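One-letter residues, chain by chain:
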Amino acid sequence: MFDSIIREVVEEIGVPVNSLKDPVFIGISRRELNVRPTAFFFIKCSLQSKDIQELYWSAQDGFESTHLYAASLVIGSKNKRTQILTWTLKSLLDFVLDDC
């Protein structure tokens, strides 16, 4: 159903399609600058962040962005999630990680 978002990730980040799980739609927001809607997805990847960073530099459409940031995520009990996340992000991750 979300083939286009998978294709975007493959083209812009350079990860192989077989390393990605099915995307989970998490919401829409409206950009302030040009007022266009933007959709957000959560996609699990089987690669390590250092491998993804290496692939990013040779991605087909890597020119569309200037940086790729990776954030450490503690996956385990909900009580052990890092304290720097906002309440909203913690709730979203609990929902997405439990359902994926």
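Residues numbered from 1 in each chain as written. Predicted model: local features only at pLDDT ≥ 70, side-chain atom pairs only at ≥ 80, totals over all residues. Heavy atoms only, no water.

*Asks:* Explain the overall build of the protein here, please?
*Replies:* Counting secondary structure elements, the protein contains three helices and two strands. Its helices and strands in sequence order give the protein the pattern α-β-β-α-α, from N to C terminus. Expressed as a percentage of its 100 residues, the buried residues of the protein come to 21%. Look at the contacts in the protein between residues 6 or more apart in sequence, and 38% of them connect residues 24 or more apart. When the accessible area of the protein is evaluated, it comes to approximately 7,800 Å², of which 56% is carbon and sulfur surface. (Helix = DSSP H or I, 4+ residues; strand = E, 2+ residues; numbered from the N terminus. Buried < 20%, exposed > 50% of the residue type's maximum accessible area, 1.4 Å probe, protein only. Contact = heavy atoms within 4.5 Å. Areas by Shrake-Rupley, 256 points an atom, 1.4 Å probe, with all protein chains shown as cover.)

*Asks:* What is the right way to read the packing of aromatic side chains from this model?
*Replies:* Aromatic rings considered in pairs are described by the distance between their centres and by the relative angle of their planes. The tally for this structure, following the rule as stated, stands at two aromatic pairs. Note on phenylalanine 25 and phenylalanine 41: the rings are 5.6 Å apart at their centroids and 65° apart in plane angle, and the pair reads as edge-to-face. Residue phenylalanine 25 is found in strand 1 (residues 24-30), and its partner phenylalanine 41 is found in strand 2 (residues 37-42); the two are separated by 16 residues along the sequence. Judged by relative accessible area, which is 39%, phenylalanine 25 ranks as partly exposed. On the basis of relative accessible area, phenylalanine 41 is assigned to the partly exposed category, the value being 24%. (Phe/Tyr/Trp six-rings, centres within 6.5 Å; stacked < 30°, edge-to-face > 60°.)

*Asks:* Just checking my understanding: could you explain the pairing of strand 1 for this structure?
*Replies:* Successive side chains on a regular strand alternate, one facing one side of the sheet and the next facing the other. The sheet contact formed by strand 1 and strand 2 spans six bridges and is antiparallel. Paired with isoleucine 28 across the strands is alanine 39, a residue of strand 2. Taking the residues between adjacent antiparallel strands as the criterion, strand 1 and strand 2 are bridged by six residues, where valine 35 takes a positive phi near 55°. (Pairing = 2+ DSSP bridges.)

*Asks:* Whenever I open this one, the nonpolar core confuses me. Can you help?
*Replies:* As a rule of thumb, nonpolar side chains are buried together in soluble globular proteins. Judged by nonpolar contacts, Ile6, Val9, Val15, Leu20 and Ile52 together constitute the single largest core of five residues. If near-sequence neighbours (up to four positions away) are discounted, isoleucine 6 is found in contact with Val17, Leu20, Lys21, Pro23 and Ile43. (Core = buried A, V, L, I, M, F, W, Y, C linked by side-chain atoms within 4.5 Å.)

*Asks:* In this structure, what is going on with the pattern of salt bridges? I would like to understand it.
*Replies:* Two side chains of opposite charge can pair, provided their charged atoms sit close to one another. If you walk through the whole model with that rule in mind, you get one salt bridge. Residue lysine 50 is joined to aspartate 51 by a salt bridge in which the shortest nitrogen-to-oxygen separation is 3.5 Å. Judged by its relative accessible area of 56%, lysine 50 falls in the exposed class. (Salt bridge = Lys/Arg side-chain N within 4 Å of Asp/Glu carboxyl O.)

*Asks:* Got a minute to help me understand the side chain of glutamate 11 in this structure?
*Replies:* As for its position among the elements, glutamate 11 is in helix 1 (residues 3-13). Among buried charged residues, glutamate 11 stands out as having no salt bridge; its nearest opposite-charge side chain is arginine 7, 4.6 Å away. (Lys, Arg positive; Asp, Glu negative; His and termini not counted.)

*Asks:* What am I meant to see in the environment of glutamate 8 here?
*Replies:* Looking at where glutamate 8 falls in the secondary structure, it is placed in helix 1. Separated by 53 residues in sequence, glutamate 8 and aspartate 61 have C-alpha atoms that sit 8.7 Å apart.

*Asks:* Could you clarify how one ought to interpret helix 1 in this entry?
*Replies:* Within an α-helix, residues lying three or four positions from one another point in the same direction, as the helix has 3.6 residues per turn. Every buried residue of helix 1 is accounted for by Ile6, Val9 and Glu11. Directly beyond the C-terminal end of helix 1, a positive phi value near 90° is found at glycine 14.

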